[in-house]
Amino acid sequence: MAMLCSRTALRRLQPICVSQLKVAEGLTSSTPREMSTLPRVYVTRQIPPEGLKILRESGKVQFELWDSDDISVPRKELLQRVRGVDGLLCVLTEKIDAELLDAAGPNLKVLSTMSVGFDHLSLDQLKKRGIRVGYTPEVLTDSVAELTVALLLTTSRRLVEATHEAKTGGWGTWRTLWLCGYELANSTVGILGLGRIGVAIAERLAPFKVKKFIYTDVAPRPELASIINAEYVSFDELAKQSDFLAVCCALTPETKEICNKNLFSKMKNTSIFINTSRGGVVNQEDLYQALSTGQIAAAGLDVTVPEPLPTNHPLFTLKNCVILPHIASASYTTRNAMSALAANNLLLGLQGEPMIKELKL
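Per an unreviewed UniProt entry, the protein goes by the name Glyoxylate reductase/hydroxypyruvate reductase and belongs to Takifugu flavidus. As its UniProt record puts it under Sequence similarities (unreviewed entry), the protein is described as follows: "Belongs to the D-isomer specific 2-hydroxyacid dehydrogenase family."

Trainee: What am I meant to see in the environment of alanine 225 here?
Mentor: Position of alanine 225 among the secondary structure elements: in helix α9 (residues 222–228). Distance from alanine 225 to phenylalanine 213, taken between C-alpha atoms, is 9.1 Å for residues twelve residues apart in sequence. Ignoring sequence-local partners within four residues, the contact set of alanine 225 consists of Leu194, Tyr215 and Ala230.

Trainee: Would you explain the confidence of the model for the protein in this entry?
Mentor: A low pLDDT means the predicted coordinates there should not be read in detail. When the pLDDT values of the protein are averaged, the result is 92; 90% of them are 70 or greater. At the low end of the mean pLDDT range in the protein sits helix α1 (residues 32–37), at 61; at the high end sits strand β11 (residues 298–301), at 99. For residues 5–31, every residue scores under 50 in pLDDT, and the model assigns this stretch 55 contacts once sequence neighbours within four places are set aside.

Trainee: Hey, could you run me through the sheet that holds strand β4 (residues 110–113) in this one?
Mentor: Strand pairing in a sheet is mediated by backbone hydrogen bonds. Such pairs are either parallel or antiparallel. On the basis of which strands lie adjacent, the open sheet formed by six strands has the order β2-β1-β3-β4-β5-β13 and mixed pairing. Of all the strands in the sheet, the pair left with one neighbour each is β2 (62–65) and β13 (358–359). Packing against the sheet, helix α2 (residues 49–58) makes contact with β1 (40–43), β2 and β3 (87–90), and its axis sits at approximately 145° to β2. Of the strands in this sheet, β1, β3, β4 and β5 (132–134) are in contact with helix α13 (residues 332–350), which crosses β4 at around 170°.

Trainee: Before we go on, may I ask you to explain the packing of α2 against α13 in this structure?
Mentor: Between two packed helices, the angle of one axis relative to the other and the distance separating the axes together describe the packing. Between α2 and α13, whose axes approach to 6 Å, the crossing angle comes to 30°. Classified by the angle their axes make, α2 and α13 are roughly parallel. Contact residues: α2 offers Pro49, Glu50, Gly51, Leu52, Ile54, Leu55 and Ser58, while α13 offers Asn336, Ser339, Ala340, Ala343, Asn344, Leu346 and Leu347. Residue composition of the contact of α2 with α13, grouped by class: eight nonpolar, five polar and one charged.

Reading the values: the criteria
- Throughout this document, residue positions are counted from 1 along each chain, in the order its sequence is written.
- Whole-chain, interface and lining totals are the exception, using all residues; otherwise, since this is a predicted model, local features are given only for residues with pLDDT of at least 70 and side-chain atom pairs are given and counted only at 80 or more.
- Heavy atoms from the whole structure form the basis of all side-chain values; hydrogens and water molecules are not counted.
- UniProt positions are given in the numbering used here, feature names are shortened, and annotations may be inferred rather than shown by experiment.
- The numbering of helices and of strands both runs from the N terminus, where a helix is a DSSP run of H or I of at least 4 residues and a strand a run of E of at least 2.
- The criterion used for residue contact is that any of the two residues' heavy atoms lie within 4.5 Å.
- A residue's pLDDT is the predictor's confidence in that residue, given on a scale from 0 to 100.
- Following DSSP output, two strands are said to pair if at least two bridges run between them.
- Think of each axis as a best-fit line through the C-alpha atoms, taken over the contacting stretch in the case of a helix, with angles from 0 to 180 degrees between the N-to-C directions.
- Every angle not falling under 35 degrees, over 145, or within 65 to 115 is termed oblique; those three ranges are roughly parallel, roughly antiparallel and roughly perpendicular.
- Gly falls in the polar group here, along with every residue not listed as nonpolar (Ala, Val, Leu, Ile, Met, Phe, Trp, Tyr, Cys, Pro) or charged (Asp, Glu, Lys, Arg).

If you want it as structure tokens, here you go:
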């Protein structure tokens, strides 16, 4: 099986500093001549204010911004705007491939993505061209873990169905088994890909009196597992034993659609499947079949393929499938921290200094 999580040093990480770096002490403005010599940067989205503030006040770059958070920059526009830039700050909706890198040209030396995932980046092309890459892991661990727990509870206790019934007149006389769901108490929670987020999820679920945590990965991860007293099991055993299965692995060629009929066929018919990692790790046709036939009890998804998922997709017809629009990191604190980290990575990279968080290509 594939590499499911990063193999970075496993330890309790200190909060990352995301405040403005003092890269331009005392420099608050630039003359036109000074501006013409500053590195040119293109920012592909109206990122949260902390990151923009850092770029503006650094005095070290001149940047152009696609000034919208509601609409992605059109591809044709993007290819035009990146020509001749020294740095690029993007989000996960932009495909950074050979075509874009060719359009940018040889001046492009630094790419900073405001995301923890990097499946939208052609890493081989970036490495080939010697372009450094910054990203934003760790700062979103808490918000993703919180959302995963919220999604798990919403799905297992059928809260979306219950709200609908209350609003539409379905709330009649009390019934013994109406809208019954599944409890966490005395359950087995499985984690597919044990990293920082998986640990954070387990830490939040432990007070619900979970009986056992199990996980699978390419190899045992004893240092992380010891934090939550989790047992390493095989992929098949994870499917068989889990009452709740949370997917926390990265999307790689090896993990693409790893959650398919092979997995679902081994799960209990009372099991709850939760995915807040990447949509591509799930075969959605197989998931639909598992849910519609009662092979598994329910699923909660924060990520899909494609995004957004078309409103006529079969998964939306199922009462036992809760789908969110990729909001796991959507807290004001986390999105500003990601923005600030992305801006600082970009500035440091352009100065030839070590980034706070840099992908080793």
